[in-house]
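Notes for the structure review
For reference, the chains in residue letters:
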Amino acid sequence: MTGKVLEMISLFMTALSNCTLYSKEHPSVYSLSERSAGILEELYNEDRFTIAVLGERLIVNDLPFAGKSVHMNGFMKKLRRKGIEKIVVSRGLTPEELKEFISEIALSDTIKGAYPHISSGVVEVNLKAAGYDFPAVMEENRGKVKELYQGVARFKPLDMAGLESVVMSFISTLKQETRVLRGVSPVKSHSEYTFAHATNVAVLSICQAESLGLKGEMLHDICLAGLLHDVGKMFIPKELLDKQAKLDENEWNEMKKHPVYGALYLSKLHDVPKLAVIATYEHHMRFDGTGYPDTKKRGKKQHIASQIIAISDFFDALRTERPYRRALEVPVICGLLTEASGKEFNPLLVENFLRSIRKNI
Ligand SMILES: [Fe+2]
Ligand SMILES: [Fe+2]
């Protein structure tokens, strides 16, 4: 059975990439779907075939799956990014129906189509029934992000499955939470700053992205980018990060390299979405072309995801007490954001951020 499942996944993933490369009407997409549906005929267990992603493991027909392949990793990654944890296929599936399902996964953010023989489970955790407590969810994820950041080292892969679980938890939590600032508490401890700040920036960035109507993979990638934007600080000497006084010019110049260090590190990891690499590199660039790294001579403009993260970053950093300044109150930061609108930050995004923050207070 292992070989058949791997072959089916390989055909599925090839059809998916042909859909993206050419179009869903390309003849290869139909023929690959037809072959994939043919293999499924041999895999039904009491007229059903179930495939589920559980953390880093694949579960097939309710049993842990032992096979391994590059396509299988890509398949699991794709499903996670779409927020799909389970696909159930029932006997009677036609190649046409499978082709439509594959093309929707390839080309849309969310699965909306109705399929008579396929059901896909989107992660929708019933948090209220599970005694959901937003600050507690934040606390738990802060702990996970701390461990992930501490595991960062040159040439060492990131725990992507761990990161994905934090992303999915935030996305499903925020669907239920209206008062987001309850969980995005100012960072208290200096040593915890980088980890706690990363979780706050991720949550504030999803809120912005969601209120702009962004969904699915884009929302997922922005959350991941928020979590990773300061990962380059793990390559800055600890004495600088922990320094309890204002940095001198040389130290500050070194600190300003963290976006480059972070982007370089992430660009070498094949599982990290490009958007996270871009936003890590650009989060200290400004809307008016100033900021760092200095790219204005090349006429480089900040990606919208980087612009979103820059606003979350500014907001969270100012709420935190630093050795050289007091923590600022939310209304004061909102005033500073308004002042910087159109210069440091995209004015439309500032307006949107302030609107959602006011709703949240
Ligand atoms: Fe930063
Ligand atoms: Fe930051």
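Residues numbered from 1 in each chain as written. Chains lettered and ligands numbered in written order. Predicted model: local features only at pLDDT ≥ 70, side-chain atom pairs only at ≥ 80, totals over all residues. Heavy atoms only, no water.

**A few points about the coordination of the iron ion (ligand 1)**
Counted only if it meets this: Metal donors were taken as nitrogen, oxygen and sulfur atoms no farther than 2.8 Å from the ion, or 3.2 Å where the ion is Na, K or Ca. Water is excluded, so coordination may look unfinished. Every angle between 85 and 135 degrees makes a four-donor site tetrahedral, while opposite donors more than 155 degrees apart, with all other angles between 65 and 115, make a four-donor site square planar and a six-donor site octahedral; other sites are irregular. Strands are runs of DSSP state E lasting at least two residues, helices are runs of H or I lasting at least four, and both sets are numbered from the N terminus onward. A simple rule labels every residue: compare its accessible area, found with a 1.4 Å probe on the protein chains alone, to the largest value its type can have, and call it buried under 20%, exposed over 50%, or partly exposed in between.
Taken together, the protein donors to the iron ion (ligand 1) comprise Asp-230 (OD), His-258 (NE2), His-283 (NE2) and His-284 (NE2), at separations of 2.2 Å. Coordination at the iron ion (ligand 1) comes from four donor atoms whose angles at the metal span 85 to 175 degrees, giving a geometry best classed as irregular. Linear spacing of the donor residues for the iron ion (ligand 1) on their chain is D-x27-H-x24-H-H. The iron ion (ligand 2) is placed at 3.5 Å from the iron ion (ligand 1), the two being bridged by Asp-230. With a gap of 26 residues between them, His-258 in helix α11 (residues 258-267) and His-284 in the loop between α12 (274-282) and α13 (304-319) connect regions that are remote in the sequence. The exposure class assigned to His-258 is buried, which follows from its relative accessible area of 2%.

**Thoughts on the packing of aromatic side chains**
Put simply, the rule is: Pairing of aromatic side chains requires ring centres within 6.5 Å, counting the rings of Phe and Tyr and the six-membered ring of Trp. Pairs whose planes differ by under 30 degrees are stacked, by over 60 edge-to-face, and all others tilted.
Counted by the stated rule, this structure contains seven aromatic pairs. Measuring from centroid to centroid gives 5.2 Å for Phe-315 and Phe-353, while their planes differ by 70 degrees, and the two rings are edge-to-face. You can see Phe-315 sitting in helix α13 and its partner Phe-353 sitting in helix α15 (residues 347-360), a full 38 residues away along the chain. On the accessibility criterion, Phe-315 (0% relative accessible area) is buried.

**Side note on the packing of helix α1 (residues 2-21) against helix α4 (residues 95-107)**
How we decide: What counts as an axis is a line fitted to C-alpha atoms, over the stretch in contact for a helix, and the angles between N-to-C directions run from 0 to 180 degrees. With respect to orientation, any angle under 35 degrees is reported as roughly parallel, any angle over 145 as roughly antiparallel, any angle of 65 to 115 as roughly perpendicular, and every other angle as oblique. What makes a crossing left-handed is the near helix being turned counterclockwise from the far one by less than a right angle; a clockwise turn instead makes it right-handed. Whether two residues are in contact is decided by their heavy atoms: any pair within 4.5 Å suffices.
The interhelical angle for the contact between α1 and α4, taken along N-to-C directions, is 60 degrees, at an axis separation of 9 Å. In terms of their interaxial angle, α1 and α4 are classed as oblique. Between α1 and α4 the crossing geometry is right-handed. Contacts between α1 and α4 involve Phe-12, Ala-15, Leu-16, Cys-19 and Thr-20 from the former and Leu-98, Phe-101, Ile-102, Ser-103, Ile-105, Ala-106 and Leu-107 from the latter.

**A few points about the confidence of the model for the chain**
The predicted structure's coordinates, where accompanied by low pLDDT, should not be read in detail. Put simply, the rule reads: Per-residue confidence from the prediction method is given by pLDDT, with values spanning 0 to 100.
In this model, the chain carries an average pLDDT of 86, and 92% of its residues clear a pLDDT of 70 or more. Predicted confidence is poor over residues 123-130, with pLDDT under 50, and the contacts of this stretch with residues over four places away or in other chains come to 11 contacts.

**Digging into the side chain of Gln-307**
Mapped onto the elements of the fold, Gln-307 is located in helix α13. Not counting residues within four places of it along the chain, the set of residues in contact with Gln-307 comprises Phe-287, Gln-302, Asn-346 and Leu-349.

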